[in-house]
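# Report on the structure
Here is how the chains run, residue by residue.
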Amino acid sequence: SYSVTGVQTCALPICPQQVCAIKPNPFADNLQIDLFIEKARISITEASGKEVANFSLSKGKNQINTISLPGGMYFARIISNKQQILQTEKLIKIK
């Protein structure tokens, strides 16, 4: 088992590289996810763990509209087609 102690973590014992870059952080109405692998999905959750958004991603630049999310702290999890959490990022939405 693994625990989240920093801003980034992954489901693998050793994280050789990031699978994506998420920017900007903090963000307002949009997020850009640069995915470095072929396909994945992003699950955005509140700090409580409640999922508030879920999007499919493909390799390259992906734009996500976040205008409906209220300001606060979120976690973005990049999940593989095999349901593995590949990367987790802490995100801050500004109002």
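Our subject in this report is the structure included herewith. Predicted model, so just to flag it, every value in this text is computed and none were measured.

## Looking at the pairing of strand β6 (residues 85-93)
Taken together, the eight bridges between strand β5 (residues 72-79) and β6 define a ladder with antiparallel strand orientation. The residue of β6 that forms the bridge with Tyr 74 is Leu 91.

## Thoughts on the side chain of Lys 93
If you trace the backbone, Lys 93 turns up in strand β6. Asp 29 provides the closest opposite charge to the buried, salt-bridge-free Lys 93, at an N-O distance of 4.3 Å. Of note is the side chain of Lys 93, whose polar atom sits 2.6 Å from the backbone oxygen of Thr 66. A distance of 2.6 Å separates the side chain of Lys 93 from the backbone oxygen of Leu 69, its partner in a polar contact. The contact partners of Lys 93, leaving out residues within four places of it in the chain, are Phe 27, Ala 28, Asp 29, Thr 66, Ile 67, Leu 69, Pro 70, Gly 71, Gly 72 and Tyr 74.

## Notes on the pattern of salt bridges
Per the counting criterion, the structure on display carries three salt bridges. The network of salt bridges with shared partners includes Lys 23, Asp 34 and Lys 61.

## Points about unusual backbone geometry
Residue Lys 23 is joined to Pro 24 through a cis peptide bond whose omega torsion reads -10°. Here Pro 24 shows up in the loop between β2 (20-23) and β3 (30-46). The omega torsion of the bond from Asn 25 to Pro 26 falls at 10°, within 30 degrees of zero and hence cis. Mapped onto the secondary structure, Pro 26 falls in the loop between β2 and β3. Of note in this structure, Gln 83 is not a glycine but carries a positive phi near 70°. Its location among the elements puts Gln 83 in the loop between β5 and β6. For Gln 83, a relative accessible area of 53% translates into the label exposed.

## Some thoughts on the nonpolar core
In this structure, Ile 22, Leu 31, Ile 33, Ile 42, Ile 44, Leu 57 and Ile 78 are the most contacted members of the largest nonpolar core, which totals 19 residues. Counting residues per element, the ones that place at least two in this core are β2, β3, β4 (51-65), β5 and β6. Per-element tally for this core: the top contributor is β3, with six residues. With residues near it in sequence (within four places) discarded, Ile 33 still touches Cys 20, Ala 21, Ile 22, Ile 42, Leu 57, Gly 60, Lys 61, Asn 62 and Ile 64.

Parameters at a glance
Residues numbered from 1 in each chain as written. Predicted model: local features only at pLDDT ≥ 70, side-chain atom pairs only at ≥ 80, totals over all residues. Heavy atoms only, no water. Pairing = 2+ DSSP bridges. Helix = DSSP H or I, 4+ residues; strand = E, 2+ residues; numbered from the N terminus. Buried < 20%, exposed > 50% of the residue type's maximum accessible area, 1.4 Å probe, protein only. Lys, Arg positive; Asp, Glu negative; His and termini not counted. Salt bridge = Lys/Arg side-chain N within 4 Å of Asp/Glu carboxyl O. Polar contact = N/O pair within 3.5 Å; in protein donor to acceptor, adjacent residues only side chain to side chain. Contact = heavy atoms within 4.5 Å. Core = buried A, V, L, I, M, F, W, Y, C linked by side-chain atoms within 4.5 Å.

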